[in-house]
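Okay, here's what each chain looks like letter by letter:
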Amino acid sequence: MSLGNSGGSSVVVPRNFRLLEELERGEKGIGDGTVSYGMDDADDIYMRSWTGTIIGPHNSVHEGRIYQLKLFCDKDYPDKPPTVRFHSRINMTCVNSDTGVVEPKKFSMLANWQRDYMMEHILTNLKKEMAAPHNRKLVQPPEGRVKQERIPALQSTSQG
Amino acid sequence: MAQKLLVLTASGQNKRSPDRNCPCSSPTALLPGAVCFQVVGVAFAFAGVTQLRLQKSESRSEEMANSNLPRRIIKETQRLLSEPAPGISASPSEDNMRYFNVMILGPSQSPYEGGVFKLELFLPEEYPMAAPKVRFLTKIYHPNIDKLGRICLDILKDKWSPALQIRTVLLSIQALLSAPNPDDPLSDNIAKHWKTNEAEAVETAKEWTRLYASGA
């Protein structure tokens, strides 16, 4: 599956089978292992909540840090992007400093979402973004801080 | 040809799959003779009545038209709708003709008797060269089905053959409900339960059927 391939095949992989595929890819491990993800609740048949991990890229203030993120894939995923929120504290231009939410307006991959994008692409792009000139020197909060749970909506979406 | 392939599938069922995560075998040998016959019969019908059914499908294909849907899928779908297998229903979703809503009734004299099990099935782009993807949406206590409803069945993996069909896959899953195989588990805990105390495991399976598969 290629990134951003809009033409070609007319076969649409339904949400659940797409997420099962992503689950298997995640279990095998992605690339050099600096980004990874897994499902939060093994009992959730709709596979909504995921935890992603990014190891901060070299040559940036993030080097050596480990960031945890929460990704929430609602019923309309992958037609719509997941909600992405940093669980670890981070200072980054596309991240709301209060909530940790990655703001689609400031992170083009979410704003210009395409159906064949996957969670691994989000994590890989966020890692790239950490090393971008406008982010790589930003002063960071003390290491190891974790955000308070401020978005109950992300946890209590259990309907359907 | 179709028959040969099916025979091969049936005879190969005792070999363990090389797939580490799913060392599953098919319950084909445990199917009663009648069901086996039915399976072979379907393959013949498929090979023989091609012309006739194709013409039929063209007149009815308006609602089936789902950009370049292969004829084989259209034909299989029509047969599934017009001649459903006993205890099985499968209908394509409106916006994606490769995505089926499936119901399987728990086979009689199995712990799943009386249950209505919902599944989803997807025909990947490579179908029929690749197997359909299927999983249970209804919670089920079965050693070869995991928490996410994924099914350990060899014909869905390395024993897939293009001579098999959606119908044969669903019949095999129905047969798997009649013949849980704790020696090739997908859910280790459930398999352990099955092997150490089968009566109790069967009771749990019945209980889950009442709780989650009541069809309500």
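If you're wondering where the values come from, they're calculated on a predicted model, not measured in any experiment.

**Considerations on the overall build of chain A**
At step 1: A tally of helices and strands in chain A yields 4 helices and 4 strands.
At step 2: Helices (α) and strands (β) of chain A occur, in sequence order from the N terminus, as α-β-β-β-β-α-α-α.
At step 3: For chain A, with 160 residues in total, the buried portion stands at 46%.
At step 4: Sequence-distant contacts, at least 24 apart, represent 59% of the contacts inside chain A between residues at least 6 apart.
At step 5: Surface accessibility of chain A: about 8100 Å² in total, with carbon and sulfur atoms responsible for 49%.

**Some remarks on unusual backbone geometry**
Note: most peptide bonds trans; most residues except glycine with negative phi.
At step 1: With an omega dihedral of 0 degrees, the bond running from Tyr-77 of chain A to Pro-78 of chain A counts as a cis peptide bond.
At step 2: With respect to the element layout, Pro-78 of chain A can be found in the loop between strand E3 (66-72) and strand E4 (83-86).
At step 3: Following Tyr-127 of chain B, the chain continues to Pro-128 of chain B via a peptide bond in cis, the omega torsion being 10 degrees.
At step 4: With respect to the helices and strands, the residue Pro-128 of chain B is situated in the loop between strand E3 (116-122) and strand E4 (133-136).
At step 5: In this structure, Gln-109 of chain B takes a positive phi of about 60 degrees despite not being glycine.
At step 6: Structurally, Gln-109 of chain B can be placed in the loop between strand E2 (96-105) and E3.
At step 7: You can call Gln-109 of chain B exposed: its relative accessible area is 79%.

**Considering the UniProt feature "domain: UBC core" (unreviewed entry) in chain B**
At step 1: The positions UniProt marks with the feature "domain: UBC core" (unreviewed entry) are residues 68-214 of chain B.
At step 2: Secondary structure content for residues 68-214 of chain B is 33% helix and 18% strand, while the C-alpha to C-alpha distance between its ends is 38 Å.

**Overview of the interface of chain A and chain B**
At step 1: At the interface, 17 residues of chain A touch 17 residues of chain B.
At step 2: Among the residues chain A hides against chain B, the three largest losses belong to Val-11, Phe-17 and Ile-45 of chain A. Together they make up 39% of the total.
At step 3: Where chain A meets chain B, there are 1 salt bridge.
At step 4: Between Asp-43 of chain A and Lys-147 of chain B there is a salt bridge, with its nearest N and O atoms 3.4 Å apart.
At step 5: Where chain A touches chain B, the interface holds 4 residue pairs in polar contact (both at pLDDT 80 or more).
At step 6: Counting residues per element, the side of chain A that touches chain B draws most heavily on helix H1 (residues 15-28) of chain A, which supplies 5 residues.
At step 7: Each residue belonging to the side of chain A that touches chain B can be placed in one class, and the counts come to 11 nonpolar, 3 polar and 3 charged.

Definitions and cut-offs
- Residues numbered from 1 in each chain as written.
- Chains lettered and ligands numbered in written order.
- Predicted model: local features only at pLDDT ≥ 70, side-chain atom pairs only at ≥ 80, totals over all residues.
- Heavy atoms only, no water.
- Helix = DSSP H or I, 4+ residues; strand = E, 2+ residues; numbered from the N terminus.
- Buried < 20%, exposed > 50% of the residue type's maximum accessible area, 1.4 Å probe, protein only.
- Contact = heavy atoms within 4.5 Å.
- Areas by Shrake-Rupley, 256 points an atom, 1.4 Å probe, with all protein chains shown as cover.
- UniProt positions renumbered as here; feature names shortened; annotations may be inferred.
- Buried area = accessible area lost by both parts, 1.4 Å probe.
- Salt bridge = Lys/Arg side-chain N within 4 Å of Asp/Glu carboxyl O.
- Polar contact = N/O pair within 3.5 Å; in protein donor to acceptor, adjacent residues only side chain to side chain.
- Nonpolar A, V, L, I, M, F, W, Y, C, P; charged D, E, K, R; others polar.

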